[in-house]
Amino acid sequence: MQDDLIAPGLHPMLAARWSPTTFDPVHEVDAGQVELLVEAARWAPSAGNSQPWAFIVGRRGDGTHRRLVRHLAASSGRWAPSASVLMANLSHRYVEDTDWEYSEFALYDLGQAVAHMTLQAQALGLFVRQFRAFDRDRVAQEFGVPVHWEVTTMSAIGRVPAGTGAPVGPIPASSRERRSVDELLWTGA
Ligand SMILES: Cc1cc2nc3c(=O)[nH]c(=O)nc-3n(C[C@H](O)[C@H](O)[C@H](O)COP(=O)(O)O)c2cc1C
């Protein structure tokens, strides 16, 4: 893994964040923790304070979790069902009954809200793997999501199995490789 390449000054919460594909299958997240996760998203910044996000939240064992599991792809179906929480992340794409964009930044803002939620999860000792491997249209249909909203991604949230302090599970090492800081700095023409 690439942990040795993380600069020592990086905030420990950011340095410790990673996206598991192995979750503790008996751990449960309580309603108060779910509320805090959504609260973290609620306080994320957004363009013009448009707050173009909504979440479908299932806790393992409840009906919503079961209904979300039905629409996972074969790949995510191997690991996501054991997460304590499955969440569908929705973005407000269009003004209702029009083809006008609701906000030029709807996807950007949803991503930021989910990033805030990810760090709140980390503060609660939880890990998050965001993913696209599910049937968007079927989730939208199942939960009556109107066409001016989009089911953009899902998050699997939970604890990693006891004793696990670093990335484990069937995660290819390449999936954690990073471009260098130099490559991220655009120097112009
Ligand atoms: C928008 C988005 C979509 C993703 N889709 C998937 C996916 O479909 N399946 C999967 O296993 N991981 C998915 N991931 C997780 C990434 O592969 C992972 O974040 C990346 O490899 C970096 O690893 P890290 O989060 O542990 O640093 C997705 C992440 C994001 C942000």
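The chain appears in an unreviewed UniProt entry as Nitroreductase from Couchioplanes caeruleus subsp. caeruleus. Per UniProt, the chain has the following entry under Sequence similarities (unreviewed entry): "Belongs to the nitroreductase family."

Help me out: how do you make sense of the packing of helix H2 (residues 31-42) against helix H5 (residues 106-123) in this one?
For any two helices packed against each other, one specifies the crossing angle of their axes together with the interaxial distance. Two numbers describe how H2 lies on H5: the axes approach to 7 Å, and their chain directions differ by 140 degrees. Of the possible angle classes, the one that applies to H2 and H5 is oblique. In this structure, H2 crosses over H5, and the sense of that crossing is right-handed. Between H2 and H5, the contacting residues are Leu36, Leu37, Ala40 and Ala41 on the first element and Ala113, Val114, His116, Met117, Gln120 and Ala121 on the second.

What should I look at first to understand the pairing of strand S2 (residues 85-92) in this one?
The two faces of a sheet get side chains in turn, since along a regular strand they alternate between them. Across the eight residues that make up S2, a large majority, eight, are buried. The side-chain alternation of S2 yields two buried faces, one formed by Val85, Met87, Asn89 and Ser91 and the other by Leu86, Ala88, Leu90 and His92. Judged from the seven bridges that link them, strand S1 (residues 53-59) and S2 form a sheet pairing that is antiparallel. Within the sheet, the bridge partner assigned to Ile56 lies in S2 and is Ala88. With eight bridges joining them, S2 and strand S4 (residues 149-158) adopt antiparallel strand pairing. By the bridge assignment for S4, His92 is matched with Trp149.

Quick question: what am I supposed to make of the sheet that holds S4 here?
For sheets, the rule is that strands pair by backbone hydrogen bonds, running either parallel or antiparallel. With antiparallel pairing, four strands are arranged side by side in an open sheet as S1-S2-S4-S3. Of all strands in the sheet, those with a lone pairing partner are S1 and strand S3 (127-131), marking the two edges. Across the sheet, the mean angle from the axis of one strand to that of its neighbour is 25 degrees, orientation sign disregarded. Sheet strands in contact with H2 are S1 and S2, and its direction is about 165 degrees off that of S1. The sheet strands contacting H5 are S1, S2, S3 and S4, and the helix crosses S2 at an angle near 155 degrees.

Help me out: how do you make sense of the site of the ligand in this one?
Surrounding the ligand, one finds Trp18, Ser19, Ser76, Arg129, Gln130, Phe131, Arg132, Ala133, Thr153, Ser175 and Arg176. Looking at the shell around the ligand element by element, the count peaks at three residues for S3.

Rules used throughout
Residues numbered from 1 in each chain as written. Predicted model: local features only at pLDDT ≥ 70, side-chain atom pairs only at ≥ 80, totals over all residues. UniProt positions renumbered as here; feature names shortened; annotations may be inferred. Axes fitted to C-alpha atoms, helices over the stretch in contact; angles between N-to-C directions. Helix = DSSP H or I, 4+ residues; strand = E, 2+ residues; numbered from the N terminus. Parallel < 35°, antiparallel > 145°, perpendicular 65-115°, else oblique. Left-handed = near helix turned anticlockwise from the far one by under 90°. Contact = placed C-beta atoms within 7 Å. Buried ≥ 20, exposed ≤ 12 C-beta atoms within 10 Å, placed from the backbone. Pairing = 2+ DSSP bridges. Near = placed C-beta within 6 Å.

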